[in-house]
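# Remarks on the overall topology
Here is what each chain is made of, one letter per residue.
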Amino acid sequence: MTSPDNSDKRRGADGGSAMSEEWLIAGASVVGGAPRDLLLKDGVIAEIGENLAAPGATVLDARGLIALPGLVDLHTHLREPGREDAETVETGTRAAALGGYTAVHAMANTEPVADTAGVVEQVWRLGEQAGYVDVRPVGAVTVNLGGKQLAELGAMADSAARVRVFSDDGFCVADPLLMRRALEYVKAFDGVIAQHAQEPRLTEGAQLNEGEVASRLGLAGWPAAAEEAIIARDCLLAAHVDAALHVCHVSTAGSVEIIRWAKAKGVQVTAEVTPHHLLLTDDLAEHYDPVFKVNPPLRTKADVDALRLALADGTIDCVATDHAPHPVEAKEAEWAAAANGMTGLETALRVVHKAMVETGLLDWAGVADRMSARPAAIGRLPGHGQPLTEGAPANVTLYDPAAATPVDPATHASKSRNSPFAGMALPGQVRATFLRGTATVLDGKVTR
Ligand SMILES: [Zn+2]
């Protein structure tokens with residue numbers, strides 16, 4: 001029912017350049033509200049109303065579908081340059097579009113590391129060439145993620161990639177003086193430091209959440225305090241220098257309490273939670289299947305409950321995937337030797353549907369806020385995250401909440417298959433995605 005009706009209303013005779021597509025999305029529930037028609041023309045939402053007529057437009061029957069603003073991911077590992085065996089900008093952005101995204105922030109832990117204007121511009125250009133979503137590179141905070149010397153933050157900010165988010169993700173900026181300097185430095189261009197909060201000494205050799213499950217399995221523990229100590233320290237530093245801190249992949253109930261306290265004090269702190277930390281718990285490691293190995297680790301049911309409530313009340317600002325593709329050989333090893341990380345772009349919205357919407361914690365307007373508006377604002381990303389209103393850029397996702405199919409990583413566009421949701425019956429499916437009015441996904445498939 002969502003097939004575009006091309007029978008009598010074809011695309012422009014020029015074959016469909018970026019600005020020539022014209023779509024009439026008919027009868028979509030706009031962020032969960034009443035059905036409306038949306039006319040996408042010249043890259044913007046030209047009109048919203050009922051029974052719209054647009055003779056030149058391709059009609060897409062969207063009855064039963066929810067229209068959301070294009071999703072924005074603050075935390076994606078695209079792996080290129082250097083680890084094209086795991087993912088490329090092309091495959092990763094196809095996966096993003098299939099997940100309903102129109103923009104992603106590409107993490108800096110590539111080979112070479114994205115710590116110079118040259119590398120971030122390379123990643124940005126690869127994103128432009130692929131054309132599925134806007135790719136905004138994240139710049140490294142320190143040279144080669146080494147934690148010793150600040151990278152060329154200003155040069156990356158001034159580059160064509162216009163970097164605004166800086167992170168050593170994968171590693172913590174553990175040196176407090178370096179962290180303070182980074183926070184101070186990026187104020188000049190309204191940047192933000194996104195911290196992977198992991199006290200390194202407390203987590204040497206850590207394999208799984210420190211607690212009952214790790215003890216039983218004989219795996220070295222990753223204590224909640226190692227995350228919470230860094231978040232507390234960084235909130236104090238951000239307050240001291242009045243700069244913007246973003247906390248990556250918050251995973252514990254204690255971290256939520258610290259962030260809530262800091263926000264109440266007026267600290268410029270924002271935070272993200274991953275889909276997997278909203279749904280999965282550490283007891284899944286019971287059979288030592290490394291698909292469940294991730295950093296920070298899966299935590300307890302009490303942590304999951306606290307993270308959901310924090311996302312609902314806004315203490316945690318947004319959902320970020322931490323999409324971390326790995327080739328089979330890196331994940332199908334014994335637990336201790338396996339790589340950390342999970343894919344997530346193609347399942348994020350479905351997981352949020354299950355964890356937050358089906359539980360009544362968020363409505364679709366809330367989902368739009370946590371998965372589009374807020375991450376775009378935190379990333380200082382113009383042209384994304386805007387409400388679906390006339391004149392806004394036509395970045396639109398159409399989601400079918402009634403669909404329900406088991407997750408099958410073999411069908412994913414990502415080059416990697418390490419989804420922890422494999423075989424799980426998640427609700428919903430992304431039917432279509434539009435980037436500035438151009439369809440990148442139709443009928444649940446990429447358009448090219
Ligand atoms: Zn991380």
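Bear in mind the structure is a predicted one, so any value in this text is a computation, not a measurement. (Residues numbered from 1 in each chain as written. Predicted model: local features only at pLDDT ≥ 70, side-chain atom pairs only at ≥ 80, totals over all residues. Heavy atoms only, no water.)

## With respect to the coordination of the zinc ion
- The zinc ion binds to the protein through D169 (OD), H196 (ND1) and H249 (NE2), with metal-donor distances spanning 1.9 to 2.2 Å.
- Along the chain, the residues donating to the zinc ion are arranged with the sequence spacing D-x26-H-x52-H. With D169 in the loop between β10 (165-166) and α4 (176-186) and H196 in the loop between β11 (192-195) and β12 (208-209), this residue pair connects regions lying 27 residues apart in the sequence. (Donors = N, O, S within 2.8 Å, 3.2 Å for Na, K, Ca; no water. Helix = DSSP H or I, 4+ residues; strand = E, 2+ residues; numbered from the N terminus.)

## Details of the pattern of salt bridges
- On inspection of all chains with the given rule, the structure shows 19 salt bridges.
- Where R299 meets E227, a salt bridge forms, and the shortest distance between an N and an O atom there is 3.8 Å. Of this pair, R299 sits in the loop between α8 (275-279) and α9 (301-313) while E227 sits in helix α6 (residues 224-241); the two residues are 72 residues apart in sequence, bridging distant segments of the chain. (Salt bridge = Lys/Arg side-chain N within 4 Å of Asp/Glu carboxyl O.)

## Side note on the sheet that holds strand β9 (residues 134-137)
- Pairing is parallel across the open sheet formed by 3 strands, whose spatial order is β7-β8-β9. Here the strands that pair on one side only, and so sit at the sheet edges, are β7 (71-76) and β9. Looking at each pair of strands side by side, their axes are set apart by 20° on average, direction ignored.
- In the sheet, β7 pairs with strand β8 (residues 101-106) via 4 bridges, with the strands oriented parallel. Pairing of V72 across the sheet is with A103, part of β8. (Pairing = 2+ DSSP bridges. Axes fitted to C-alpha atoms, helices over the stretch in contact; angles between N-to-C directions.)

## Overview of the nonpolar core
- In terms of nonpolar packing, the biggest core is built from 101 residues, with F166, L183, L278, I316, L349 and M371 touching the most fellow members.
- For I316, the contacting residues outside a window of four places in its chain are V250, V256, A271, E272, V273, L307, A310, L311 and R370.
- Membership of the second largest hydrophobic core comes to 20 residues, among which are A28, L40, A432 and L442. (Core = buried A, V, L, I, M, F, W, Y, C linked by side-chain atoms within 4.5 Å. Buried < 20%, exposed > 50% of the residue type's maximum accessible area, 1.4 Å probe, protein only. Contact = heavy atoms within 4.5 Å.)

## Details of the packing of aromatic side chains
- According to the stated counting rule, one finds 4 aromatic pairs in the structure shown.
- Seen from their ring centres, Y185 and F189 are 6.2 Å apart, and the 70° between their planes marks the pair as edge-to-face.
- When its relative accessible area of 16% is taken as the criterion, F189 is described as buried.
- These aromatic residues form a ring-pair network of at least three members: F166, Y185 and F189.
- A cation over a ring is seen here: R448 above Y132, with NZ or CZ 4.4 Å from the ring centre. (Phe/Tyr/Trp six-rings, centres within 6.5 Å; stacked < 30°, edge-to-face > 60°. Lys NZ or Arg CZ within 6 Å of the ring centre and 35° of its normal.)

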